[in-house]
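# Breakdown of the fold
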Amino acid sequence: MSWPLTVLIVIAVSAFCVFAAIKSVQAHRPKPATGGEGLLGEKGKAVSAIAPEGKVFIHGEYWEAWSDEPLAEGDKVTVIAVEDDMRVKVRKA
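Here is a short report on the structure shown in this document. If you're wondering where the values come from, they're calculated on a predicted model, not measured in any experiment.

Conventions and cut-offs
The numbers attached to residues start from 1 for each chain and follow its sequence in the written order. Totals for whole chains, interfaces and linings use every residue, but because this is a predicted model, local features are given only for residues with pLDDT of at least 70 and side-chain atom pairs only at 80 or more, for both listing and counting. For the side-chain quantities, the full set of heavy atoms in the structure was used; hydrogens and water were omitted. Numbering of helices and strands runs from the N terminus, with a helix taken as a DSSP run of H or I at least four residues long and a strand as a DSSP run of E at least two residues long. Computation of the radius of gyration draws on C-alpha atoms, with the globule rule given as 2.2 Å multiplied by the number of residues to the power 0.38. Burial classes: relative accessible area under 20% of the type maximum marks a residue as buried, over 50% as exposed, and values in between as partly exposed (1.4 Å probe, protein chains only). Any two strands with at least two DSSP-identified bridges between them are counted as paired. Fitting a line to C-alpha atoms yields each axis, with helices limited to the stretch in contact; the angle taken between N-to-C directions then spans 0 to 180 degrees.

This next bit is on the overall build of the protein chain. If you tally the helices and strands in the protein chain, you get two helices and five strands. For the protein chain, the N- to C-terminal ordering of α and β elements is α-α-β-β-β-β-β. Relative to the globule expectation of 12 Å for 93 residues, the C-alpha radius of gyration of the protein chain, 23 Å, shows a markedly less compact shape. Projected onto its principal axes, the C-alpha coordinates of the protein chain cover approximately 75 × 20 × 20 Å. In the protein chain, which comprises 93 residues, the proportion classed as buried is 22%.

Dropping the structure here:
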């Protein structure tokens, strides 16, 4: 076997091993799917006017929500924070 071919095979196998290790670590660190952390970044719909408080529909549930900007009923929203009392802060999507 020639040296260039050996070096090429070593580089290819090493690159595959590094790729597999990175994907393995990513698979063991999934995004939270439950609780307050699971709501961050989720999209929903305002079911009442939010000025500054109202209700939104996210993940098949109704949530008390508040926003820094007034939102109309039916606006698409994105969750940007979850408070300890399980109220969500939203912004227009």
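Right, picking up where we left off after that structure.
An order of S1-S2-S3-S5-S4 is seen for the five strands of this closed barrel, with the pairing classed as mixed. Direction aside, neighbouring strands of the sheet carry axes that sit 55° apart on average. As judged from the three bridges shared by strand S1 (residues 43–46) and strand S4 (residues 76–82), these two strands associate in the antiparallel manner. Along S4, the bridge assignment pairs Lys-45 with Lys-76.

Once that is clear, we can look at the pairing of strand S5 (residues 88–92). Inspection of the sheet shows strand S3 (residues 61–66) paired to S5 by two bridges, in the parallel sense. Residue Ala-65 lies in a different strand from S5, and its bridge partner there is Val-88. Pairing analysis gives five bridges linking S4 to S5, with the strands arranged antiparallel. Across the sheet, Val-79 pairs through a bridge with Val-90, a residue of S5. Linking S4 back to S5 in an antiparallel pair, the connection comprises five residues, with Met-86 at a positive phi of about 65°.

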